[in-house]
Amino acid sequence: MIWICYIIMIAVPYLLGGINTSIIVTKLRTGQDIRTMGSGNAGLTNSLRTQGKATAAIVLLGDVAKAVLSVWAVRLAFLYIGGVDTTVLANGMNWVGYMAGFMVVVGHVLPVYYGFRGGKGVLSAVSAIFTLDWRTGCLLMVVFIILVALTRYVSLGSVAAASLYFVGTLVFVYFIDKDPAGIVCTFIALFTEAIVIFKHHGNIHRLLTHTEKKLGEKAK
């Protein structure tokens with residue numbers, strides 16, 4: 001029955017990740033596609049700029065919920081269907097949760113429901129990271145908050161924080177916890193951060209050309 005768990009590990013987080021709260025709420029509220037508004041990104045920051053705080057709050061809750069639910073749905077599937085507790089490091093299966101986190105980001109970025117055009121995966125990624133390892137999550141959040149506070153560039157904070165996911169996992173999970181699956185978790189973290197950073201290529205270009213909008217600036 002373990003093969004069913006692996007199917008769940010791939011399919012469930014991907015399908016949940018593809019449920020884009022930003023697209024849904026904006027469509028219900030305005031009848032428009034948020035991907036044609038503001039920066040064109042179906043995510044939290046663009047929702048805040050174009051739709052306001054109330055919509056952004058719903059997007060925040062939706063993206064956090066689907067990431068946390070994805071990780072725990074997979075963990076529980078392995079526990080109750082496969083008979084393996086993936087949260088026990090000695091079992092060498094901690095990587096399963098990391099793969100679930102990776103797949104929810106893939107689902108958010110490439111949603112089958114919306115023509116494979118989704119958001120950038122930042123909020124989904126950080127929500128999954130906190131669910132998997134709060135220490136790495138705190139490291140990334142501190143870096144994000146400091147950079148955004150100093151520069152007012154959300155994209156800069158997001159890219160910088162994402163680039164530390166691999167490092168945080170390597171230090172905390174592989175070296176400190178000595179997780180038997182630590183190296184696998186670390187490489188999954190690397191692929192996850194690569195997706196998030198790649199999706200910010202437009203933001204990186206605008207940062208380099210000083211045309212990126214700062215936090216609080218309204219979209220035209």
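Let me begin by describing the structure that accompanies this report. For clarity, every value in this text was computed on a predicted model and none was experimentally measured. (Residues numbered from 1 in each chain as written. Predicted model: local features only at pLDDT ≥ 70, side-chain atom pairs only at ≥ 80, totals over all residues. Heavy atoms only, no water.)

**Some thoughts on the layout of surface pockets**
- Of the volumes computed, that of the largest pocket is approximately 820 Å³.
- Mapped by element, the contributors of at least two residues to the lining of the largest pocket are α3 (44–51), α4 (53–80), α6 (122–132), α7 (134–151), α8 (154–162), α10 (182–199) and α11 (201–208).
- Ranked by the residues each element gives to the lining of the largest pocket, the list is headed by α6, at six residues.
- Here the residues of the lining of the largest pocket sort into 20 nonpolar, 16 polar and seven charged.
- Roughly 210 Å³ of volume is contained in the second largest pocket.
- Taken together, 15 residues make up the lining of the second largest pocket; nearest its centre are Ser39, Gly40, Asn41, Lys120 and Lys199.
- Counting residues per element, the lining of the second largest pocket draws most heavily on α11, which supplies four residues.
- Class assignment for the residues of the lining of the second largest pocket results in three nonpolar, seven polar and five charged. (1 Å grid on protein atoms, 1.4 Å probe; cavity = no way out; pocket = protein on both sides within 12 Å on 5 of 7 lines; lining within 4 Å. Points joined across faces, edges and corners; volume = space filled by probe spheres on them. Helix = DSSP H or I, 4+ residues; strand = E, 2+ residues; numbered from the N terminus. Nonpolar A, V, L, I, M, F, W, Y, C, P; charged D, E, K, R; others polar.)

**A word on the packing of α4 against α6**
- Relative orientation of the contacting elements α4 and α6 amounts to 45°, with a least axis distance of 8 Å. With respect to α6, the element α4 is oriented oblique. Crossing geometry of α4 relative to α6 is assigned as right-handed. Seen from α4, the contacting residues are Val59, Leu60, Asp63, Val64, Lys66, Ala67, Val68, Val71, Trp72 and Arg75; seen from α6, they are Leu123, Ser124, Ser127, Ala128, Thr131 and Leu132.
- Tallied by class, the residues present in the contact of α4 with α6 amount to 10 nonpolar, three polar and three charged. (Axes fitted to C-alpha atoms, helices over the stretch in contact; angles between N-to-C directions. Parallel < 35°, antiparallel > 145°, perpendicular 65-115°, else oblique. Left-handed = near helix turned anticlockwise from the far one by under 90°. Contact = heavy atoms within 4.5 Å.)

**So, the pattern of salt bridges**
- As enumerated under the stated definition, the model contains five salt bridges in all.
- The closest approach of N and O atoms between Asp33 and Arg35, which form a salt bridge, is 2.8 Å.
- Linking Arg206 and Glu212 is a salt bridge whose minimum nitrogen-to-oxygen distance equals 2.8 Å.
- A single network of salt bridges, built from pairs that share partners, joins Asp133, Arg135 and Asp177. (Salt bridge = Lys/Arg side-chain N within 4 Å of Asp/Glu carboxyl O.)

**Brief notes about the state of the cysteines**
- A complete count under the given rule lists zero disulfides for this structure.
- Here Cys5 is not disulfide-linked; the sulfur of Cys185 is the nearest cysteine sulfur, at 17 Å.
- According to the relative accessible area criterion, Cys5 is buried, its value standing at 0%.
- Of all cysteine sulfurs in the structure, the one in Cys185 sits closest to Cys138, which takes part in no disulfide; the separation is 18 Å.
- Given the relative accessible area of 33%, Cys138 is considered partly exposed. (Disulfide = S-S within 2.5 Å. Buried < 20%, exposed > 50% of the residue type's maximum accessible area, 1.4 Å probe, protein only.)

**Some words on the packing of aromatic side chains**
- Counted under the stated rule, the structure contains four aromatic pairs.
- Considering the side-chain rings of Tyr6 and Trp95, the 6.2 Å spacing of their centres and the 15° angle between planes classify their relative orientation as stacked. Within this pair, whereas Tyr6 is found in helix α1 (residues 2–17), its partner Trp95 is found in helix α5 (residues 95–109), the two being separated by 89 residues in sequence.
- When the centroid spacing of 5.0 Å and the interplanar angle of 75° are considered together, the rings of Tyr174 and Phe175 count as edge-to-face.
- The rings of Tyr6, Phe78 and Trp95 are connected pair by pair, giving a single aromatic cluster. (Phe/Tyr/Trp six-rings, centres within 6.5 Å; stacked < 30°, edge-to-face > 60°.)

**A short note on a nonpolar patch on the surface**
- A cluster of nonpolar side chains, namely Val167, Val171, Tyr174, Phe175, Ile176, Ile183, Val184, Phe187 and Phe191, defines an oily patch on the protein surface of about 790 Å² accessible area.
- Elements with a contribution of two residues or more to the nonpolar patch: α9 (165–176) and α10.
- Examining the composition of the nonpolar patch, we find that five residues originate from one element, α9, more than from any other.
- With respect to the secondary-structure elements, Phe175 resides in helix α9. (Patch = residues over 30% accessible without salt bridge, like charges linked within 9 Å, V, L, I, M, F, W, Y side chains within 5 Å. Areas by Shrake-Rupley, 256 points an atom, 1.4 Å probe, with all protein chains shown as cover.)

**Some words on the side chain of Ser22**
- By the secondary structure assignment, Ser22 is in helix α2 (residues 21–30).
- A distance of 2.7 Å separates the side chain of Ser22 from the side chain of Ser47, its partner in a polar contact.
- Residues contacting Ser22, with those up to four places away along its chain left out, are Ile34, Ala42, Gly43, Ser47 and Val59. (Polar contact = N/O pair within 3.5 Å; in protein donor to acceptor, adjacent residues only side chain to side chain.)

**Quick notes on the side chain of Lys66**
- Mapped onto the secondary structure, Lys66 falls in helix α4.
- Exposure remark for Lys66: the relative accessible area of 6% places this residue in the buried category.
- A distance of 2.8 Å separates a polar atom in the side chain of Lys66 from the backbone oxygen of Gly17.
- If we skip the residues at most four places from it in the chain, Lys66 touches Leu16, Gly17, Ile19, Asn20, Val104, His108 and Ser124.

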